[in-house]
Amino acid sequence: MSLGAGEEVRFYLNLLRNNWLGPKFDLLKIPGPPGYWGAGHIPYLMRPDYHVQALEWANKYGGICRFSLGGQHIVLVSDPALVQTLLGRGPGSLPRKCIGYQFFDLATNHLGRRSFFTTTDEEQWLLIRKGTAQAFSQANIRRYFTCALKHAQELADQVKITAATSRAGCVEMQEQVEMMLLDVFLEGLFEVDLRRVNSEDISHAMNTVLLEANERIKFPLRKMFVNLVSPRWSYKVWSAQHVLGGLYERIFNTMRARGVPPEDETVLWACLARLKDPATGKPLTKQQLLPEIGAFILAGFDTSSHTIAWCLFNIAAHPEVQRRIKSELSASGLLHAGQGNCVTPRQLSYEDLPRLPYLNAVIDETMRMYPVAATGSVRETTAPTQIGPYKVPEGIVVWPMIYALQNSTHNWEEPEKFKPERWLDNRDCAYATTSSSNGGSSPSGSSSSSSSSSSSSSSSSSPFGSEAGSPRAGAADATAGPAAGAGSAADARRARRFAPFSDGLKNCLGQALGIMEVRTVLAVLLGRFWFDLAPSMGKPETVRRNQQIALTLKMKEGLSLVAKPHSSGKETQQGEGAVAKATRAASGVWGRAAALAAAPSGPLN
Ligand code: HEM
């Protein structure tokens with residue numbers, strides 16, 4: 001599938017038709033902000049945090065509203081029931097067919113070919129999705145856990161050294177975590193020898209290309225001007241594409257050199273290497289595989305690493321939350337005891353991960369407030385379509401926007417507040433309590449109320465993917481193939497107001513891996529360090545204002561934290577005292593837990 005001009009011609013014909021020719025149905029009845037003649041709302045969206053602007057419109061105009069990028073009309077949807085329908089598997093769902101996705105190809109290959117993530121060819125998507133689903137099975141996630149744990153411990157060692165040698169113990173975490181998870185991905189899923197990879201270069205190249213892709217999404221015509229207006233930037237993007245292309249090619253060559261993998265090998269590279277072109281019956285060619293390798297790398301490290309960075313930000317900004325996490329870790333024997341050289345009483349195990357309900361509530365609340373795929377998942381109408389009470393023509397971009405779904409005042413009470421407790425107090429927190437049939441077009445948000453009546457405790461203790469009633473219920477269970485849902489049929493019918501991994505057939509394939517990585521890295525880091533925001537970050541409000549979309553949501557200036565190892569005795573007086581108290585109080589529990597837990601390889605060093 002090449003990036004042909006056909007796609008763009010179709011796009012501009014749509015613009016013509018939607019603006020001047022052809023029926024508009026109810027399009028112009030959809031409420032929305034006034035825009036500029038010709039440019040529509042582009043000027044409003046040029047800000048780096050354009051998702052915040054979109055949220056403001058959703059709050060003001062309701063669960064369905066409209067704006068435009070030049071002549072391209074966009075219907076922004078944040079009503080949970082309607083989001084569910086649009087992304088779902090049943091009638092009313094829309095295909096992921098939108099010009100915006102083609103810009104991801106900048107990062108996945110420099111040959112101009114579509115990956116299964118961006119293609120409109122459903123056969124290509126199904127071939128890859130189905131053929132690689134096994135790579136994300138429980139057994140494999142457990143296997144990748146070993147790799148993630150090793151790298152998380154190395155990261156913790158690195159943080160300790162950097163904190164000891166830098167001014168005021170400051171460590172830049174966003175980039176560190178990014179590079180570390182790239183290593184996990186390459187080593188765990190592709191079994192690449194990391195000595196031959198410069199993670200820093202790859203990570204910088206990915207960021208450069210994603211920044212450019214992001215600008216093109218907002219202004220598709222940019223491609224024509226950027227070479228003229230900014231040749232130096234163009235060259236930088238081109239070079240970055242080649243750095244990424246070089247990595248994908250090396251991975252491909254390594255895969256081919258390994259030969260045909262045995263049937264029982266289901267790690268990602270083996271699943272990819274086994275794929276056959278349905279047309280020829282032969283293994284996929286280099287041209288076919290490179291974009292797919294790129295798509296997995298693109299999707300697989302930026303997302304998890306920025307989620308971890310946002311969690312660390314929230315934790316550092318809320319000392320009371322951090323103390324509670326420490327006491328939970330302490331009760332499980334996973335908090336550094338405060339003596340010796342950073343030794344935790346026992347090694348973190350895979351089974352521990354779902355058994356840390358408070359830490360997991362912090363992760364869920366962070367993923368609600370700062371979903372890294374904030375601006376996913378975009379869809380497009382391919383025929384006149386009913387969107388809630390409105391009928392819209394073909395070729396309209398419909399945007400069930402994750403950030404607006406999870407942060408709008410019509411879906412949540414006090415959405416701007418960081419409250420991990422909401423996940424503990426209400427096991428149905430991920431779901432809207434009522435669903436509208438009209439798509440919630442009322443600005444008052446009558447479509448779905450956030451008030452929760454249930455107060456049963458949810459200490460999600462079941463393994464990943466089968467946490468019925470948990471935020472991830474209904475998410476794809478990789479073991480069951482592409483379209484499978486792990487939640488009950490009743491859960492699948494309930495409207496979700498929390499979908500950080502998107503929903504429906506094309507939800508996140510790697511979500512079990514992502515969650516495992518986030519939990520593992522946080523448990524290891526928080527077991528060893530007390531984190532404060534570095535003074536250079538300013539107040540938490542400043543960080544919130546400095547959000548940036550570079551396809552994923554990140555902190556514009558990175559995340560600088562003061563990391564205080566528990567052994568240094570440098571924790572803040574308040575923090576240290578409370579943690580020590582919690583540790584003593586929990587020592588009885590820990591004693592029992594330690595006796596029960598079979599620590600596989602003894603204490604950490
Ligand atoms: C916390 C971490 C992650 C988050 C929040 C996340 C979120 C998402 C979202 C929202 C989508 C849908 C995007 C759209 O339709 O526009 C998606 C797709 C995808 N994600 Fe993730 N993701 C995460 C981690 C991962 C990891 C670790 C992998 C590993 C390979 C991965 C692989 C994929 C793939 C392959 C797709 C495309 C699926 C398809 O088109 O069928 N993700 N992800």
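Where an unreviewed UniProt entry is consulted, the chain appears under the name Cytochrome P450, with the organism given as Tetradesmus obliquus. Under the UniProt heading Cofactor (unreviewed entry), the entry covering the chain gives this text: "heme".

Quick word on the confidence of the model for the chain
Averaged over the chain, the pLDDT score is 83; the fraction of residues at 70 or greater is 81%. In the model, residues 435-487 has pLDDT below 50 throughout and makes 134 contacts with residues more than four positions away in sequence or in other chains. Confidence drops under a pLDDT of 50 for residues 568-605, and excluding neighbours within four residues, the segment shows 49 contacts in the predicted structure. Here the prediction assigns the complex a pTM of 0.86, and the interface score ipTM is 0.99.

Details of the packing of helix α7 (residues 138-165) against helix α8 (residues 173-189)
At their nearest, the axes of α7 and α8 sit 9 Å apart, and the two run at 150 degrees to each other. Taken together, the axes of α7 and α8 are roughly antiparallel relative to one another. Viewed along their axes, α7 and α8 form a crossing whose handedness is right-handed. Contact residues: α7 offers Tyr144, Cys147, Ala148, Lys150, His151, Ala152, Leu155, Gln158 and Val159, while α8 offers Met173, Gln176, Val177, Met180, Asp183, Val184, Glu187, Gly188 and Leu189. Taken together, the residues of the contact of α7 with α8 break down into 11 nonpolar, 4 polar and 3 charged.

Digging into the site of the ligand
Taken together, 31 residues surround the ligand, and among them Arg96, Tyr101, Trp125, Arg129 and Cys508 come closest. Tyr101 is positioned with one of its side-chain polar atoms (N or O) 2.5 Å from an oxygen atom of the ligand. In this structure, Trp125 approaches the ligand through a side-chain N or O atom, which is 2.7 Å from an oxygen atom. Those elements that place two or more of their residues in the shell around the ligand are α6 (122-132), α13 (286-317) and α19 (511-528). Top contributing element to the shell around the ligand by residue count: α13, with 6 residues. By residue class, the composition of the shell around the ligand is 17 nonpolar, 10 polar and 4 charged.

Concerning the coordination of the iron atom of the ligand
Protein coordination of the iron atom of the ligand is limited to a single donor, Cys508 (SG), positioned at 2.3 Å. By the secondary structure assignment, Cys508 is in the loop between α18 (489-493) and α19.

A few points about the sheet that holds strand β2 (residues 72-77)
Ordered by their spatial adjacency, 4 strands build an open sheet running β1-β2-β7-β4, and the pairing between neighbours is mixed. At either end of the open sheet lies a strand with only one pairing partner, and these are β1 (64-69) and β4 (379-380). The strands that helix α4 (residues 80-87) touches are β1, β2, β4 and β7 (397-400); relative to β7, the one it contacts most, it runs at about 120 degrees.

As for the pattern of salt bridges
Across all of its chains, the model carries 21 salt bridges by this definition. The partner of Lys506 in a salt bridge is Glu122, and the shortest N-O contact between them spans 2.7 Å. On the criterion of sequence distance, the pair formed by Lys506 in the loop between α18 and α19 and Glu122 in helix α6 is long-range, its members being 384 residues apart. In this structure Glu122 comes out as partly exposed when scored by relative accessible area, which is 40%. The salt bridge partner of Glu351 is Arg142, with a shortest N-O separation of 2.8 Å. Here Glu351 is found in the loop between α14 (319-331) and α15 (357-369), whereas its partner Arg142 is found in helix α7, with 209 residues between them in sequence. Arg142 sits in the partly exposed class, given a relative accessible area of 41%. One connected set of salt bridges, linked through shared partners, spans Arg143, Glu191 and Glu265.

Thresholds applied
Residues numbered from 1 in each chain as written. Predicted model: local features only at pLDDT ≥ 70, side-chain atom pairs only at ≥ 80, totals over all residues. Heavy atoms only, no water. UniProt positions renumbered as here; feature names shortened; annotations may be inferred. pLDDT = per-residue confidence, 0-100. Contact = heavy atoms within 4.5 Å. Axes fitted to C-alpha atoms, helices over the stretch in contact; angles between N-to-C directions. Helix = DSSP H or I, 4+ residues; strand = E, 2+ residues; numbered from the N terminus. Parallel < 35°, antiparallel > 145°, perpendicular 65-115°, else oblique. Left-handed = near helix turned anticlockwise from the far one by under 90°. Nonpolar A, V, L, I, M, F, W, Y, C, P; charged D, E, K, R; others polar. Near = heavy atom within 4 Å. Polar contact = N/O pair within 3.5 Å; in protein donor to acceptor, adjacent residues only side chain to side chain. Donors = N, O, S within 2.8 Å, 3.2 Å for Na, K, Ca; no water. Pairing = 2+ DSSP bridges. Salt bridge = Lys/Arg side-chain N within 4 Å of Asp/Glu carboxyl O. Buried < 20%, exposed > 50% of the residue type's maximum accessible area, 1.4 Å probe, protein only.

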